[in-house]
Each structure stands twice: as C-alpha cells, then as structure tokens.
Amino acid sequence: MNNLTDVNEKQQEEKLLAAYEAIRRREYELINELLEILPKIDTLGEDKVSQVRDALFHADHPFLVVFVGPFSSGKSSLVNALMGSKDLLSVGPIPTTDRISILRYGDDAQRMDSGGEVDTVFYPSPLLKKVSFVDTPGLESVFQKHEETTRKFLHRCDVVILTMLATQAMTQRNLDYMQQLREYGKKLIIVVNQADLLTEEEREQVRTYVLEQSEDKLNFKPEIWMVSAKQGLKARANGSFDEAEWNESGLYRFEQYIDEQLDDVQRLRQKLQTPLQIAQNVHRVAADAVKANQAVLDQYQGIADNVNSQLQAYRREQEKIVRETNELITEKFNEASRRGGEAIRDTFQLGRSLGSLRIGLFDLIGLSRLFRRGKPSTYARLAFERTKVYEPINELPATSDKLGPTLEGKDLQDTDDLVKYAQKEINALPETIKDKIIGDIKPPVKYDRAALQAVRPNLETIENQARINETEQLERRLRSVLFGLALWEVLVFVGMLALIITGFDFGIFLLLLLLAMVGLLAMPVAGRVLEISYRNRINTLQQQYIETLSKGSDKQVEYGMKLRGDVVAPLTRLVEAQTQLQTEQMNQLQKVEREMVQVESDLTKLGKKRGIFGR
C-alpha cells in the first residue's frame, strides 16, 4: 500500500513539475517579448527594463524571502539566528554596508562578491534548501543610497519580511514602509523583534496595536510575528539546540511557514507568480507611458494633416498656373487659326477670282518661275502677313517660357514658408520627441529647371511647323488649286475656240460659258476646304504643343512638390513614424497583456487536481 502511495505521489510530483515548466516557458517567452518592446518606449525609465530583465531569470533562482526595515531593527540578527551563527552577517548599531546579501545553500560557509551591490553568502542550513534569505540595508531616508539599493531589489523577492523593534512598532515611518511595500504586490509579513523585552501582556498589546494600525491606516490585515533574535541565537548557541528557548523566541514561525504554508505547490506557484507580477507591474507602467506619449503626439498629429493640406493647396496653385498658361497658348493658336482662315478666305473670295486665275495661268505656262527667279513661292506667306497670322505664333515662346520662372518663384516661396512653419512646430515639440528628428529643416540650396528646359526644342519644332511648314504646305495646296482652276478655264476656252472654228452652236457655247463660270465660282468652295484643312492642322499642332509643354510642366510641378515634401520630411517623418511606432507598441502591449491574463489563469490552476490530472 505504501509503495502504491509513493508511486502516486511521484506521478503527481512529475505532473506538477511538467505543468510548472510549461508555464515557466510561457512566462519566459512573454517576458522576452516585453523586453523587446520596453526599451523603445519613450519616458519609460531604465529601471523598469532592468526589473523585467531580472524577472526573466527569477524562476531560475530559489524562492526569495527578503528582510527589510529600518537599520538596527534586527534584520541581520534574525537571519543569523535562523542560520544558527551569530557572526554570519555583520551586526551593528549603525549601517556598515550598502550591499545586499543573498543567503543560499552551500556545503561550506563562504561569501562571494557577485558584482554590483549584491553579495552571495553560502551556508549549510537545511532551511536554505527550500528558500533563500536576502538581507538588505536599512530603508531610512537619511541613508538614501541604502534605501535605493533595497528598493531596487524588492521587485525580485517572493515574500517580504518587514522588521521593526518592539519598542518602536508601527511608527509613522513604518506605516510608510508598509504602504510602499504593498505597492510591490508581494506577500508581506510583519516581524516585531526584541519581543523578549516585553511582558506577555505587553507583547499582546503591541501585536494588537500593529494590527489595528494596519487595518485602520492601510486597510490591510497582515501576519504579525512577535520574535526575539537574541533568544533564537541563545537557543542555538555552541551548536546545541534548546527547543523550548527556540519556541519562546518565536523564530519557529519561520520554519513553520516554510515547511507548512509554503508547500511544494505554493512555492512553485509563488515562484512563477513573482516574475509574472514584476512583468504585470512594469506592463502597466509601460502602457501608461505609451498612452501618455500618444496623448502628447495627438497634439502634433495635426502637423502632418496641416502639412498635407498645404501641399495639396500648393499643388492646386501650381496646376492652376499650368492650366492658365495652356489657356493662353490655346488662345494664341486659336488666333493664328482664325487669322489664317481669314487669309485663305480672302485669297479665294469670288472678287479675287480673276487675279487668282492669272496666278494659275502663269504657273500653267511656266511664267511664274520666271517672275520668282528661283525664289520659293510667297503667295500664301504674303496672304498670312497681310492678316498677321504669324504674330500669335511668334508670341508662343514668350508665353510658354514664362511658365518655368513662375513655377520656380512659387516653389521657392512655398518652400521658404514651409521651412518657417516646420521650424516653429519643431521648436514646440517635447524634447523627448524633438531629439528623434533626422535631417535638417532648410530651404533647397539649388533649383533644377531641367524638366521644362528639356521640352523647349520640341516646342520650337512645333512653332516652326506652325510658321514655316504650314505656310509652305498651304502654298503648295493653294498653287495646286489655282493650277487646276487655270487648266479648267484653258480647256473651256479651247473648247469655245474649237466650236467657233468648226461651226458655232449657241447651245454648246452657253454650256461652255456656264462651265467657265462654274470654275470661277468653285474658288470660294476650294478656299473653304483649304481653310478647314488648315484649321485642323493648326489644332493638331496646338494639341501637340500643349501635350509637350504639359509633360514638362507636370515633371516640373512634381519636382516642386518633392522640394516641398523634402523640406518638411524630417518633421512629417517624425510624426508619422512616432504615431506608427506607438500604435505598434500599444498593440504589442495588448498582446502581451492577453498572454499574461492566460498565464495567470493557468498559474491559479497549478497543483489543483483538475488543472493537472483532470481532463
């Protein structure tokens, strides 16, 4: 039967340890994740990060019982009595060290300097196989460094023993200590030392007073142990053990607490609870810090929105400048088209038919070459010059070339305005955010006009086509029409001569005369056809011109917008990056919080039948 019981207990212990290890790994992972986040959070002190780093390794250390309290309250004496060695830790009426001593089990007594402010003392005490004791410097404000050293270590502990002298129990200072210690969320036990100086009645009065003060001032009902380190050392003097004296000293309460109340399940649970509490406490501070940072940044989120609004307004202004320039160019082409059409209509009006016929006859019989003497035909050019067709075309370069300086002036003015705005906003940023700005807010040192300069040759080509090519093409078409008209009239005239020679027929004569008149009347119609063709070609050139200029101006506008964006980029990048970073930080903290809640729930079930053995 006993063997079966031993097997069951062993199985239960293995399952307990397996469950403990599973939770410990999860704690390790979530604390690691928290450590990835914390250093990136502005305004979060390095001490919080250090606390979480300590929590990361906390589960690998024995259960920690930390003694705190005013100096000369008997902390070191109590530890010495529990170990049965009055000289293990230094004892004196004034603090002699600002170092923390961790007592751990060891086969031989020795002290090791662990670096920093912590020493490790090994001692062969059975108690140290279950727990480690931590002796700390005093908490008095007059010894500020001691107090800081002690508080820095408190977050590591599992149980806090607050010591006070029986003759100075529950002073206002001790009440303050209790309030501060409770904020760490640790198990707190009050130990009143030098109880041997009091009668039994006085002991009970002190115990009652401490309890009442705790409940009244702190709404807290702690465990209170009345002990005597002096009696405890006497009970274990010279390697002997006086059980009656030991029980009288009250120090048996430590052994009883460790052996009975801190069973395996409770120790394991508390051991895992401690790093989790550390992580939870720091997590709350970190979440508050991120929320505070977000609240500060919310004030400056409008900066990015305002800059974007300004940039959009600048783009609309630049596009308006381009649009107005294109409208002026359209007007120039339309005016050239109107004047060219007027010149063509004037040339082909019925009243000019005989003159036009004469030009066609000269071409027909070759006399026009004699009059031109090898010079290119100028009939259409003369007609265009009469109506000043070239005047609006010649004005195109001046109109289009104004676009570059206008855009440049606006770009430079806008960038100067943005520099002033950005510098003002940066000066108003908190130092914690301002220090993160990368780059300088300053106007551009040079301006690139290449985009519009690059299209100038293409624009000149189109301008020349409108002036020269169109004139020459119109000249050829005009000559062709006049040549055809002259040929028509000559053929009709030859027909009349043939009729006269061969025998006059009045009907045929009237028909030939009508055909001659039709040729002359066809002049305005031919002119209208040439006018429509000319206007269509000018309209095509206009579209090509505007498209070419627009390509250049679009690139120039984009360049100007990039200049504006680059000027304020350090500011907008900062606001956007910080907003994104803090959003990510909050999301990560919320994820860690959910995992903490789940780990805490599983930790509560640790050691319970349903949690370990049940399904």
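Model, not experiment: these values are computed from the prediction.

On the surface, Leu497, Ile500 and Ile501 cluster together into a nonpolar patch covering about 320 Å² of accessible area. You can see isoleucine 500 is positioned in helix 18 (residues 450–502). Looking at isoleucine 500, the relative accessible area reads 51%, which means it is exposed.

Turning our attention to the side chain of arginine 203. Note that arginine 203 resides in helix 6 (residues 200–218). Classification of arginine 203 by relative accessible area gives buried; the value is 12%. Residues contacting arginine 203, with those up to four places away along its chain left out, are Ala195, Asp196, Leu198, Met226, Gln231 and Glu248.

Within the chain, methionine 170 stands out as a residue other than glycine whose phi angle is a positive 55 degrees. Within the secondary structure, methionine 170 is located in the loop between strand 6 (159–165) and helix 5 (172–182). By relative accessible area, methionine 170 is classed as buried at 3%. In this structure, asparagine 219 is a non-glycine residue whose phi angle is positive, near 50 degrees.

Of all residues in the protein chain, 82% attain a pLDDT of 70 or more, and the chain-wide mean is 80. Every residue in residues 370–376 is under pLDDT 50, and counting partners more than four places away or in other chains gives five contacts. The low-confidence segment residues 610–615, where pLDDT is below 50, has nine contacts with residues more than four positions distant or belonging to other chains.

Here we come to the environment of threonine 406. Inspection of the secondary structure puts threonine 406 in helix 16 (residues 403–427). In this structure, the C-alpha to C-alpha distance between threonine 406 and valine 322, residues 84 residues apart in sequence, is 9.5 Å.

Turning our attention to the sheet that holds strand 3 (residues 110–113). Read from one edge of the open sheet, eight strands run 3-4-2-5-1-6-7-8, paired in mixed fashion. Of all strands in the sheet, those bounded by a partner on one side alone are strand 3 and strand 8 (223–226). Averaged over all adjacent pairs, the angle separating strand axes in this sheet is 25 degrees, with direction ignored. Those strands touched by helix 6 are strand 7 (187–193) and strand 8, and its axis lies near 155 degrees from that of strand 8.

Parameters at a glance
- Residues numbered from 1 in each chain as written.
- Predicted model: local features only at pLDDT ≥ 70, side-chain atom pairs only at ≥ 80, totals over all residues.
- Heavy atoms only, no water.
- Patch = residues over 30% accessible without salt bridge, like charges linked within 9 Å, V, L, I, M, F, W, Y side chains within 5 Å.
- Areas by Shrake-Rupley, 256 points an atom, 1.4 Å probe, with all protein chains shown as cover.
- Salt bridge = Lys/Arg side-chain N within 4 Å of Asp/Glu carboxyl O.
- Helix = DSSP H or I, 4+ residues; strand = E, 2+ residues; numbered from the N terminus.
- Buried < 20%, exposed > 50% of the residue type's maximum accessible area, 1.4 Å probe, protein only.
- Contact = heavy atoms within 4.5 Å.
- pLDDT = per-residue confidence, 0-100.
- Pairing = 2+ DSSP bridges.
- Axes fitted to C-alpha atoms, helices over the stretch in contact; angles between N-to-C directions.

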